[in-house]
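Observations on the three-dimensional arrangement
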Amino acid sequence: MSRQARDIEDQNQHERMAEVRSYKRRPEDISNKIRRCSRDKQLVKHTNQAIENINNAIDTLMTNIDSINNESAWALEYNTTDELFDQRIKCPPHISNHLRKLQNFKNSKLGGRDIADIRVIDLFRLLNDSDLMDTTLRIIDKKDRQPTLKIVIKTIKKIHVKGHGNYTIPPKVLDSFCKNSYVKPTRVVTGLILTSDSIHDKFEQTLPSYSESQNKLSNRGFGPIDPYHKDMRDKKKRSIKK
C-alpha cells in the first residue's frame, strides 16, 4: 500500500472514530440519577434499613462507652481507660477519643440528658455556652419534642430572632453558631433580599444589624477640608510659583 493510500486510510479511520465518539452517551445528570434511584423501592427500603441499623449501632456504642470506667480498666488489668480503649477497641484512637469526649460532655454539661443525636452534643460542645444549651433544651422540652440537630438549630435561630425572656445570645457565641459546620447547610448565602416567613430567612435578616454593630467605624478619620486654613493657603502659593 502506498504512503498516500495509508494516509487516506488513517484519515478515514480518524473520521470514523470521531463519529463514534460523537454518539457517546453523555454522563447522566444528577437530577436524573436522583429521580431514577428514588423510584427504586427496593433500593429505598434497603438504604433506610441500613441507616436505621447505623443509628441503632451508634446508640449502643455510646451506651457502652458510658459504662466503661476506671474499674472496668482495672478488671482487665489495665492502668487507665485510655490504655483499655487503645488496646482493646477496634477503632482508630482519634475516633474513640472523640466519642468519649462527647459522652463525658453529655454527662457533665448536659446532666446526662437523653439526647440520641450525638451531633447535637457535638454542636453544644463547640458552642460551649451553658445558658444557650439550657434555654434551647428547655424550649424544646416544653413542646414535648426530641432535641434532634434540625430542631436544635431551628430553636437557636428562633431565640435570636424572637428573643426569650431576658436572654440574648452573646455575640461571640452567635458568631460561632453562624460559622459552625452543622449550621452552614441552613445558612442563606445568596445575598438577596429575603421576604420569606422561614425562620432561616428571618435569622439571616437579623444578622446584618448584628454584624454592623460589631464593625462600627472608628471616630478617627479625616475631618472636613478648610480651604482657608493656613497650610492650604501655603500649598496653593507653592503650586502657583511652580
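This is a predicted model, so every value here is computed, not measured. The residue numbers shown here count from 1 along each chain, following its written sequence. Local features in this predicted model are restricted to residues of pLDDT 70 or higher, and side-chain atom pairs are both shown and tallied only at a pLDDT of 80 or more, whereas totals for entire chains, interfaces and linings draw on every residue. No hydrogens and no water enter the side-chain calculation; it runs on all heavy atoms of the structure.

Turning next to the overall build of the protein chain. Secondary structure summary: the protein chain contains 12 helices and zero strands in total. Helix numbers and strand numbers start at the N terminus; a helix is a DSSP run of H or I with at least 4 residues, a strand a run of E with at least 2. Each helix and strand of the protein chain, ordered N terminal to C terminal, gives the series α-α-α-α-α-α-α-α-α-α-α-α. Relative accessibility decides the category of a residue: with a 1.4 Å probe and only protein chains considered, values under 20% of the type maximum give buried, values over 50% give exposed, and everything between is partly exposed. Expressed as a percentage of its 242 residues, the buried residues of the protein chain come to 23%. We call two residues contacting when some pair of their heavy atoms lies within 4.5 Å. Expressed as a percentage of contacts within the protein chain between residues at least 6 apart in sequence, the contacts between residues at least 24 apart total 51%.

The subject of this paragraph is the nonpolar core. Counting residues in each nonpolar core, the largest one holds 34 residues, and the members touching the most others are Leu110, Phe124, Leu132, Ile156 and Ile169. Contributing elements (two or more residues each) for this core: helix H3 (41-67), helix H6 (93-109), helix H7 (118-127), helix H8 (130-142), helix H9 (149-162), helix H10 (171-179) and helix H11 (199-214). In this structure Leu132 touches Leu127, Ile156, Ile159, Tyr167, Ile169 and Val173, once residues within four positions along its chain are discounted. The term nonpolar core refers to a set of buried residues drawn from Ala, Val, Leu, Ile, Met, Phe, Trp, Tyr and Cys, joined through side-chain atoms within 4.5 Å.

Let us now look at the confidence of the model for the protein chain. In regions of low pLDDT, the predicted coordinates are not meant to be interpreted in detail. A residue's pLDDT is simply how confident the predictor is in it, with values from 0 to 100. For the protein chain, the mean per-residue pLDDT works out to 83, and 79% of the residues sit at or above 70. Note that pLDDT drops below 50 for residues 210-224; the model gives that stretch five contacts with residues more than four away or on any other chain.

The next point concerns a positive patch on the surface. Within the patch definition used here, like charges are joined within 9 Å and nonpolar side chains (Val, Leu, Ile, Met, Phe, Trp, Tyr) within 5 Å, considering only residues with over 30% relative accessible area and no salt bridge. Using a 1.4 Å probe, accessible areas were evaluated by the Shrake-Rupley method; residue-level cover was limited to the displayed protein chains. When a carboxyl oxygen of Asp or Glu lies within 4 Å of a side-chain nitrogen of Lys or Arg, that pair is called a salt bridge. Lys and Arg are tallied as positive, Asp and Glu as negative. Neither His nor the chain termini are counted. By convention, charge coordinates are those of NZ in Lys, CZ in Arg, CG in Asp, or CD in Glu. Judged by side-chain charge, Lys143, Arg145, Lys150, Lys154, Lys162 and Lys202 come together as a positively charged surface patch. Among the elements that line the positive patch, the one with the most residues is H9, at three residues.

One pass over the structure, following the stated rule, counts six salt bridges. A salt bridge links Arg113 to Asp141, with the nearest nitrogen and oxygen atoms 2.6 Å apart. Placement of Arg113 in the loop between H6 and H7 and of Asp141 in helix H8 is noted, with a sequence separation of 28 residues between them. Residue Arg119 pairs with Asp117 through a salt bridge whose shortest N-O separation is 2.9 Å. Note on Arg119: relative accessible area 41%, which makes it partly exposed.

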